[in-house]
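Take a look at the letters that make up each chain.
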Amino acid sequence: MDWFPLYNSLRVASISTFITFFLGIFAAHYIAKTPRLLKGVLDVILTLPMVLPPTVVGFFLLKTIGPLGPVGSWVLEHWGFKMTMTWYSAIFATTIVTFPLMYRTVRGAFESFDTTLLYSGQTLGLSNTFLFWRVIMPNCKQGILAGTVLAFARALGEYGATTMVTGYIPGRTATISTTVYQLWREGNDALAYKWVFVNLAISFVVLVTVNMLENRYTRPKGRGQQNSLTGEV
Amino acid sequence: MTILVDIKKNLGNFKLNVQFEARDEILALLGASGCGKSMTLKCIAGIVKPDEGVIVVNGSTLFDSKKGINLTPQKRNVGLLFQNYALFPNMTVEENIMAVLTRVKKAKDAPARFRSLCERFYITGLERHYPAQLSGGQQQRVALARIMASDPSIIMLDEPLSALDSYLRWQLELELIQMLEDFPATTLYVSHNRDEVFRICDRVCAMSAGHAEKVCSTEELFEKPSSLAAAFLSGCKNYSRIETRGQDVVFAKDWGIELLCAERVPANAAYIGVRAHFIAPVRAGEGQNIVPCRVLRVMQDVFSTIIMLLPQGAAPGGNDYAKIRMEIPKEEAKGIREGDTVSVKIQPRDIMLLKR
């Protein structure tokens, strides 16, 4: 059994999750501060990829980064490489599709953050940078982690937009999801089942992780409770 | 050390309009919830920006709409204790306080200063604890220690005791009074509890619906409130609209009776107020300042009996003002039943003349 699709899927999902992680936190942080009307508009635009059919996202992507698209042709002309039909094309597709998941989960965490913590820090004279990294981020940790895991899971399972911009080239652009489809078309059920089980195993691990994070997130913090990080009472 | 506040802020159907000055004292901002007390503190701290006005602390301008001055909260050096204490939950007591000493004060002797704060606020032994592991009182002490670590020029306390049950509350109040005595500069104390304000504060600024009354001493507010709103906040229960009938005589419109007052009736007096425990039943059915009433309801309180009365002269179907609440010792209330007729005396010295 050729494990390339697993390697390629993990590679694409990891890189796009890395990008989404920073973009999502950045967008959630700044959009939370914008005026209401602008926030509503930006929110709709940024969440759109979550509800659009992935094929529509793929279509827009092809029209933009394809060899004839405005971005694709410019990159090809100046830097000399194609943005579609390569393994890294999938990164563009999965980043766009997973971004809303990260953005919305993190925004939810920021919105449920107790702002009096921020205000008290400011009146004490602590800088906004310190407060962001040492107070806001640690207190939104579970939400941010849950968003990251969800984004990673979605990136691993992405099929529609990915297949449109990468096609299916065994050993070069094949991912788990495109491989399962190809094997089914070829009638190779035995191998298809193997990949299906690989997929099930990964999804299972991801969902258990998300549930564990969410339980920790919602568990009430009582007085004298054991600290979960240090084990101190 | 002084603070001068004169600010306006328009929040849709709520308009905040506050002026007061405070010296080295504990000044209370007393008002019902939603009257703008906390908003005033947030304006002083720089968390909320007023529409116009000035805020000056110890001669330095924190906010001045005309000069375009609006310092960030970090530059104002104003300590604000939140109702929930707002300790950083992800940091230990030590980290919470050391963050201020090392990041803000850049103190070379930070550990030594931390030690002395721990002793002063009785938190030695709790350094490695997280806020969730502390009791309410311990959290309050840590929060105060953290504020003192930043060397504030004034401190402001936002309902520090209202989230607590009554037993714990009394403990914390005693601790708080002791710690405030050690702080030499101005303290603003926000509360909706008149008893707490009377015990803790020197002077009081009564607030209602975004508007601040003139600052007066706590004794003055409770003995001689000048307005209806101030009398409300001081806990007075009985009011009637009035019509002036003579130099020291008023007609209580809601009670339908003429009453003699102990002092000259000011021209702007629109209401009278009488405290529930200054009203007492009398035998004689008629006479000066005697109000014949029907007993509407008799309720047993812990140490007294509360009797709701309707004056016989009250207009039929009268409003809420018409009812009189009387609080008397339990023995004196024996024999009074619902539906009885009882006469009560209102002493001229107990009548508070109030402007609108």
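This structure is a prediction, so every number in the text was calculated from the model and none was measured. (Residues numbered from 1 in each chain as written. Chains lettered and ligands numbered in written order. Predicted model: local features only at pLDDT ≥ 70, side-chain atom pairs only at ≥ 80, totals over all residues.)

Undergrad: How would you explain the overall build of chain B if you had to name every residue and give the values?
TA: Within chain B, the secondary structure is distributed over ten helices and 22 strands. Every one of the 356 residues in chain B was classed for burial, and the buried ones make up 41%. Within chain B, counting contacts between residues at least 6 apart in sequence, those at least 24 apart form 66% of the total. (Helix = DSSP H or I, 4+ residues; strand = E, 2+ residues; numbered from the N terminus. Buried ≥ 20, exposed ≤ 12 C-beta atoms within 10 Å, placed from the backbone. Contact = placed C-beta atoms within 7 Å.)

Undergrad: A description of the pairing of strand β4 (residues 52-57) of chain B should follow, citing residues and the corresponding values.
TA: All names here are of chain B. Direction of pairing for strand β1 (residues 3-11) relative to β4: antiparallel, over a ladder of six bridges. Directly across from L4, in β4, lies its bridge partner V56. In the sheet, β4 pairs with strand β5 (residues 60-64) via four bridges, with the strands oriented antiparallel. Across the sheet, residue I55 finds its bridge partner in β5, namely F63. Hairpin geometry of β4 and β5 is characterised by an intervening segment of two residues between the two adjacent antiparallel strands and by a positive phi of about 50° at N58. (Pairing = 2+ DSSP bridges.)

Undergrad: Account for the sheet that holds strand β14 (residues 249-252) of chain B, naming residues and giving values.
TA: In a beta sheet, neighbouring strands are held together by backbone hydrogen bonds and run either parallel or antiparallel to one another. Residue and element names in this part refer to chain B. The sheet built from five strands is open, its strands ordered β15-β14-β13-β16-β22 with antiparallel pairing. Either end of the sheet is taken by a strand with one partner, and the two such strands are β15 (257-260) and β22 (352-355). On average, adjacent strands in this sheet sit at an angle of 40° to one another, irrespective of strand direction. By the bridge criterion, four bridges tie β14 to β15 in an arrangement that is antiparallel. Directly across from V249, in β15, lies its bridge partner L260. (Axes fitted to C-alpha atoms, helices over the stretch in contact; angles between N-to-C directions.)

Undergrad: How would you sum up the interface of chain B and chain A? Please name residues and give values.
TA: Each partner contributes to the interface: chain B provides 24 residues, whereas chain A provides 20 residues. Contributing elements (two or more residues each) for the side of chain B that touches chain A: α2 (73-76), β7 (78-81) and α3 (93-104) of chain B. No other element matches α3(B), which puts four residues into the side of chain B that touches chain A.

Undergrad: So what's going on with the packing of helix α3 (residues 54-65) of chain A against helix α5 (residues 89-111) of chain A? Residues and values would help.
TA: Residues and elements named next belong to chain A. Packing of α3 against α5 leaves a shortest axis separation of 10 Å and a crossing angle of 130°. Taken together, the axes of α3 and α5 are oblique relative to one another. For the crossing formed where α3 meets α5, the hand is right-handed. Here P54, V57, G58, L61 and I65 of α3 come into contact with α5, specifically with F92, A93, I96 and V97. (Parallel < 35°, antiparallel > 145°, perpendicular 65-115°, else oblique. Left-handed = near helix turned anticlockwise from the far one by under 90°.)

Undergrad: Now, about the nonpolar core: what can you tell me, with residues and values included?
TA: Counting 145 residues, the largest nonpolar core has M156(B) and I272(B) as its most contacted members. It is α5(A) that provides the largest number of residues to this core, a total of 13 residues. If sequence neighbours within four positions are ignored, M156(B) has contacts with L41(B), I44(B), A45(B), V78(B), G79(B), L80(B), L81(B) and L188(B). (Core = buried A, V, L, I, M, F, W, Y, C linked by C-beta atoms within 7 Å.)

Undergrad: Describe the confidence of the model for chain A, with residues and values.
TA: Low-pLDDT portions of the prediction should not be read for the details of their coordinates. The pLDDT averaged across chain A works out to 85; a share of 91% of its residues lies at or above 70. Note that pLDDT drops below 50 for residues 219-233 of chain A; the model gives that stretch 14 contacts with residues more than four away or on any other chain. (pLDDT = per-residue confidence, 0-100.)

Undergrad: A description of the confidence of the model for chain B should follow, citing residues and the corresponding values.
TA: When the pLDDT values of chain B are averaged, the result is 84; 98% of them are 70 or greater. Confidence estimates for the predicted assembly give a pTM of 0.73 and an ipTM of 0.74.

Undergrad: Before we move on, can you summarise unusual backbone geometry with the specific residues and values?
TA: All names here are of chain B. For Y122, which is not glycine, the phi torsion reads 55° and is therefore positive. Tracing the backbone through its elements, the reader meets Y122 in the loop between α4 (110-120) and α5 (136-149). The partly exposed category is assigned to Y122, around which 14 C-beta atoms lie within 10 Å. Non-glycine residue D151 carries a positive phi angle of around 50°. Locating D151 in the fold gives a position in the loop between α5 and β8 (154-158). Under the C-beta neighbour-count criterion, D151 is labelled partly exposed, with 13 such atoms within 10 Å.

Undergrad: An account of helix α2 (residues 36-51) of chain A is requested, with residue identities and associated values reported.
TA: Residue and element names in this part refer to chain A. Compared with an ideal rise of 1.5 Å per residue, which puts 16 residues at 22 Å, α2 spans 22 Å between its outermost C-alpha atoms and is within 8% of the ideal. A bend of about 30° at I45 is the largest found in α2, and the proline P49 appears one to four places after it. Along α2, only one of the 16 residues are buried, which leaves the element largely exposed. (Expected span 1.5 Å × (residues − 1). Bend = angle between axes of the 7 residues up to and from the residue.)

Undergrad: Got a sec to walk through the sheet that holds strand β19 (residues 304-311) of chain B? Specific residues and values, please.
TA: Residue and element names in this part refer to chain B. Ordered by their spatial adjacency, five strands build an open sheet running β17-β21-β18-β19-β20, and the pairing between neighbours is antiparallel. In the strand order of this sheet, the two ends are held by β17 (280-282) and β20 (324-329), each with one partner. Taking each pair of neighbouring strands and ignoring which way they run, the sheet shows an average axis angle of 55°. As paired elements, strand β18 (residues 290-300) and strand β21 (residues 341-345) share five bridges and run antiparallel to each other. Looking at β21, one finds that P292 is bridged to S343.

Undergrad: So what's going on with the packing of α5(A) against helix α8 (residues 141-157) of chain A? Residues and values would help.
TA: Residues and elements named next belong to chain A. Where α5 meets α8, the closest approach of the two axes is 8 Å, and the angle between their N-to-C directions is 160°. Classified by the interaxial angle, the pair formed by α5 and α8 is roughly antiparallel. Here α5 and α8 pass one another in a crossing that is right-handed. Contact residues: T94, V97, T98, L101, M102, T105, V106, G108 and A109 in α5; G143, I144, A146, G147, T148, L150, A151, R154 and A155 in α8. Partitioning the contact of α5 with α8 into residue classes produces ten nonpolar, seven polar and one charged. (Nonpolar A, V, L, I, M, F, W, Y, C, P; charged D, E, K, R; others polar.)

Undergrad: Kindly report on the pairing of β5(B), identifying the contributing residues and their values.
TA: All names here are of chain B. One ladder, built from two bridges, connects β5 with strand β6 (residues 69-70); its direction is antiparallel. Along β6, the bridge assignment pairs D64 with I69. Between the antiparallel neighbours β5 and β6 lie four residues, among them G68 with a positive phi of about 70°.

Undergrad: Tell me what's going on with the environment of Q142(A), and back it up with residues and numbers.
TA: Residue position: Q142(A) is located in helix α8. For the pair formed by Q142(A) and A109(A), sequence separation is 33 residues and the distance between their alpha carbons is 8.1 Å.

Undergrad: Any details on α4(B)? Residues and values, ideally.
TA: All names here are of chain B. Turning to α4, its buried residues are F114, L117 and C118. Across the axial projection of α4, the buried residues extend over an arc of 100°, all falling on one side. Relative to its buried face, α4 has exposed residues pointing more than 90 degrees away, namely A112, S116 and E119. Those residues of α4 that are buried are in contact with α3 and α5. (Arc of directions from axis to C-beta.)

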